[in-house]
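# Notes for the structure review
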Amino acid sequence: KKGNTSEALEYLNNAIQIYPKYYDAHMALGELYAKNQDFLSAEVAFNQAIGLKPKAAEAYFHLGVVLVKDQKAAEATEKLRQAMELGDKSANTYMFLGLALMNMADYQESEKMLMKALDIAGNVGIRIYLADCYERWGKKTECIEQLEAYVRAVPTAPNTPNIEKLIKQLKEQK
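These remarks concern the structure in this document. (Residues numbered from 1 in each chain as written. Predicted model: local features only at pLDDT ≥ 70, side-chain atom pairs only at ≥ 80, totals over all residues. Heavy atoms only, no water.)

All right, on to the pattern of salt bridges then. Under the definition given, this model contains six salt bridges. The partner of Lys 72 in a salt bridge is Glu 43, and the shortest N-O contact between them spans 2.9 Å. A residue pair is termed long-range when its members are at least 10 positions apart, and Lys 72 in the loop between α4 (57-69) and α5 (73-85) and Glu 43 in helix α3 (residues 39-52) qualify at 29 residues. By relative accessible area, Lys 72 is classed as partly exposed at 27%. Residues Lys 171 and Glu 148 are paired through a salt bridge, measuring 2.7 Å at the closest nitrogen-oxygen approach. (Salt bridge = Lys/Arg side-chain N within 4 Å of Asp/Glu carboxyl O. Helix = DSSP H or I, 4+ residues; strand = E, 2+ residues; numbered from the N terminus. Buried < 20%, exposed > 50% of the residue type's maximum accessible area, 1.4 Å probe, protein only.)

We now examine a nonpolar patch on the surface. Among the surface-exposed residues, Ile 18, Tyr 19 and Tyr 22 lie close enough to one another that they form a single nonpolar patch of about 360 Å² accessible area. Tracing the sequence through the fold places Tyr 22 in the loop between α1 (5-18) and α2 (23-35). (Patch = residues over 30% accessible without salt bridge, like charges linked within 9 Å, V, L, I, M, F, W, Y side chains within 5 Å. Areas by Shrake-Rupley, 256 points an atom, 1.4 Å probe, with all protein chains shown as cover.)

The final tally for this structure, using the stated rule, is three aromatic pairs. The interplanar angle of 10° and the centroid separation of 6.2 Å between the aromatic rings of Tyr 134 and Trp 137 together place this pair among those described as stacked. Placement of the pair is Tyr 134 and Trp 137 together in helix α8 (residues 126-137), with a separation of three residues, close to one helical turn. In this structure Tyr 134 comes out as buried when scored by relative accessible area, which is 3%. Relative accessible area serves as the criterion here: at 26%, Trp 137 is assigned to the partly exposed category. Three or more aromatic residues joined by ring pairs form one cluster here, namely Tyr 107, Tyr 134 and Trp 137. The ring centre of Tyr 23 lies 4.4 Å from the NZ or CZ of Lys 53, which sits over that ring. (Phe/Tyr/Trp six-rings, centres within 6.5 Å; stacked < 30°, edge-to-face > 60°. Lys NZ or Arg CZ within 6 Å of the ring centre and 35° of its normal.)

Next comes the structure, spelled out in structure tokens:
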């Protein structure tokens, strides 16, 4: 149900009350909570969905994303890997796994996952995450290379002037 969040929450909760095994309602409820940054409620909803369909990769993926956003990197890594084991090999899954690993300071694995996401999707925005990974890892040259590749790919993006300024600052620090 689109539009009013409180109406949608009421609608979904009523649907679940009537039929507690309504997987899609649990998923929609989790997505709605996540959209509104109520991560704890989203976790509960996605965990309930997993309880109903333990082989549903999408539920593990969505739970993993919520956990990344809620700064629970170790848990996020586990759930995203489970999504992959269940067949989710999407660029987004690799990207969020890369972000979770980066937040755990596992930069080598983070780099692998982010590179895989970039290979699959070709989404140049992933280069920003790769640059962040390299910067945290202390690899300034690789960080600059990713930022420059991003600017070459999307020279008219609204953030390009800020990225160019950052590149200049990083080069001055070398």
